[in-house]
Structure formats: C-alpha cells, structure tokens
Amino acid sequence: GTEADRTSVPGLTFNRNIQSIMKFSFAWLLAITLMFGFTACKTTKQASAPLDNALLWEITGPGIKKPSYIYGTIHMIPSGDYFLPKGTLTAIEATENMVFEIDMKDMNDVSALFGMMGKIFMKDGVTLKDLLSNEEYKMVESRFSEMGLPIFFLERIKPMFLSAFASADMNPSSIKEGSIKSYEMEFYEISQNRGMTTDGLETIDFQVSVFDSIPYPEQAKMLVESLKASDANNSEMEQMVKLYKTQNIEAMVNSVAASDSDLAPYEDLLLNGRNKRWIPQIITLAKQKPTFFAVGAGHLGGEKGVIKLLRKEGYKVRPII
C-alpha cells in the first residue's frame with residue numbers, strides 16, 4: 001500500500017517483515033554466513049588427491065539398492081547465473097525422496113515459523129546499539145532501511161539472522177521479484193510437481209541452537225563484516241558465485257585462506273561437526289529409497305567434507321560429469 005497505509009498499521013507491517021526474515025533466514029542462514037565469512041577460515045590442508053569439479057555425485061554401496069545422489073547448492077544466486085549441471089534432472093527423476101538441510105515443508109509452514117519467533121531475539125534486553133559503535137549502527141540502519149526493514153523492528157534480532165540479508169541483492173524481495181533464485185526453492189518445486197517425499201537433515205530448532213553458540217558481540221562483528229564485504233566491488237559473494245559456476249567444490253572450501261576470520265573458532269561447530277552428524281542419516285535414508293540430497297556446496301569438499309566421510313564409511317561416491 002501507500003506510505004500512509006504502512007505507517008497506519010505498524011503491527012501488520014512488523015509481522016510481514018519478521019515473517020520474511022524468518023522464512024528466508026532459517027533455511028539458508030548458515031550457508032549464507034559461510035559464503036560471506038566462513039569461506040575465509042583457514043581449512044585443513046588437503047591430505048589426499050583433490051575431488052573432481054562437480055556439484056552432482058552418485059552414492060552407491062552396501063545396503064543401497066538403487067543409487068542416491070548428493071548435490072551441492074548455493075542457497076541464493078543471481079537469476080542470470082543459475083544453472084543445472086548435466087544429469088541433475090535425470091538424477092532427480094531417478095529418485096523418490098528429496099532431502100535438504102532443513103525440510104522445505106517446514107519453511108512453508110507459517111505457524112511453525114511463528115512458533116520459533118521468540119528464538120530469533122537476543123536475550124536479556126540486549127540490542128544492536130549495545131553491540132555496535134555509532135558508525136556501525138548507522139551503516140546497519142541505512143542498509144536495512146533501504147530494504148524496507150526499519151531498524152526499530154530489528155533492534156533485538158540476533159545479528160547472524162540479519163547477516164543473511166547483508167548483501168543489497170540478497171533480500172526477500174529479490175526472490176519475489178525474480179532477480180535472485182534459490183536452488184532449494186527450485187528443487188522443492190520440482191519435488192512437489194513429481195509427488196516426491198521430502199525430509200531434512202536438521203531441524204530449525206537445531207540450527208538456532210548453533211547460532212546461539214556464537215556470542216552476540218562476535219555475531220555483530222560478522223554482520224558488520226558482511227555489510228562491508230557486500231559494498232566492495234569484488235564482493236565475496238561474487239567470487240563465490242564464480243567458483244560455484246566452475247563446480248570447484250575444493251576451491252569453495254579452501255578459498256581466501258585467512259586464519260584471523262572471526263568464524264575460525266567455530267569451524268567444527270558450523271561445518272565439520274554438522275558434516276559428521278549428517279553421515280549416518282544420509283546412509284540410512286539412501287538405504288530406505290533412492291534419495292536426492294541437496295546441501296550447501298561448502299559441505300561437500302575437503303578432508304572433513306561429506307563426500308570423503310561417506311567414502312570412509314565404505315560407500316562409493318562418484319562425480320556426475
């Protein structure tokens with residue numbers, strides 16, 4: 001509606017804005033945070049031959065009657081850069097179940113999202129003003145105001161949730177307008193059209209608990225860094241998209257080595273620990289029925305990535321090139 005309409009119903013506007021943050025944050029926040037910050041962490045040096053450049057991999061082995069597949073997504077990408085590697089649609093058609101980091105059904109359940117509302121807010125009355133300098137606060141205020149999210153709606157929201165929209169191009173309206181695509185949303189639509197079942201390797205509740213393990217001041221630093229990175233001509237997001245289009249999953253894990261990244265102390269929490277936790281679930285689901293797994297590409301490569309962890313369990317994981 002008009003500006004007058006918006007100001008006359010602040011509660012309605014608040015609910016719309018918060019609903020947008022909740023719907024788009026929970027599914028993709030960890031991966032977006034990894035893109036802008038965690039890819040800058042120093043990772044373990046490769047101890048064996050690097051993996052092939054491929055986003056789509058076939059999983060076979062003991063107890064798996066028909067092949068399953070795992071695909072490395074980038075959770076948000078400019079529409080002009082969106083592509084599906086050869087064999088992706090064929091792989092989906094050969095499977096019966098589609099599994100995401102979080103079940104996309106949950107991301108479309110408004111009642112479930114609002115049930116999580118209280119968990120996106122900081123505790124003990126802490127606000128963004130308490131965590132940021134005056135200059136940083138003005139920068140954050142300006143950026144979110146441009147997105148139609150007034151700062152007074154965001155004061156108590158945990159900074160890592162806000163980091164999901166650090167880039168001016170990466171906000172809820174961008175997907176609605178069609179300038180940004182989400183692989184998860186595209187895959188989920190395909191799964192629904194085919195009548196496939198869906199599942200998730202993690203719950204929204206679990207991901208929130210991961211965020212809560214990072215102190216608010218550290219989260220605030222990451223938010224500011226993300227805003228500054230998105231203002232740069234060669235933003236980390238642009239670099240990540242370029243790497244993604246080459247399907248170089250090893251480079252995505254090892255890009256921009258910098259041991260002083262604020263996220264470095266949380267490597268096991270945010271990445272390695274989650275990869276390890278997924279392995280028994282992936283094996284169990286693949287044994288039950290042919291499944292298409294769609295997880296962030298940053299989880300596939302490296303010595304502690306999903307592909308090599310599955311191989312260590314005796315499963316054959318081969319690239320579809």
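Reading guide: rules and limits
- Residues numbered from 1 in each chain as written.
- Predicted model: local features only at pLDDT ≥ 70, side-chain atom pairs only at ≥ 80, totals over all residues.
- Heavy atoms only, no water.
- Buried < 20%, exposed > 50% of the residue type's maximum accessible area, 1.4 Å probe, protein only.
- Helix = DSSP H or I, 4+ residues; strand = E, 2+ residues; numbered from the N terminus.
- Pairing = 2+ DSSP bridges.
- Phe/Tyr/Trp six-rings, centres within 6.5 Å; stacked < 30°, edge-to-face > 60°.
- Lys NZ or Arg CZ within 6 Å of the ring centre and 35° of its normal.
- Contact = heavy atoms within 4.5 Å.

Novice: Explain the pairing of strand β1 (residues 56-60) to me, please; I cannot follow it from the model alone.
Specialist: With four of five residues buried, β1 lies mostly within the body of the structure. Note: β1 against strand β2 (residues 68-73), four bridges, orientation antiparallel. Paired with L56 across the bridge in β2 is Y71. As judged from the four bridges shared by β1 and strand β8 (residues 316-319), these two strands associate in the antiparallel manner. Pairing of I59 across the sheet is with V317, part of β8.

Novice: For this particular structure, what's the right way to read the packing of aromatic side chains?
Specialist: The relation between two aromatic rings is expressed through the spacing of the ring centres and the mutual angle of the planes. Under the definition given, this model contains 10 aromatic pairs. One residue, K181, lies across the ring of Y82, its end atom 4.7 Å from the ring centre.

Novice: Quick question: what am I supposed to make of the environment of S79 here?
Specialist: Residue position: S79 is located in the loop between β3 (77-78) and α3 (88-93). C-alpha separation for the pair S79 and K181, spaced 102 residues apart in sequence, amounts to 5.3 Å. If near-sequence neighbours (up to four positions away) are discounted, S79 is found in contact with G178, S179, I180 and K181.

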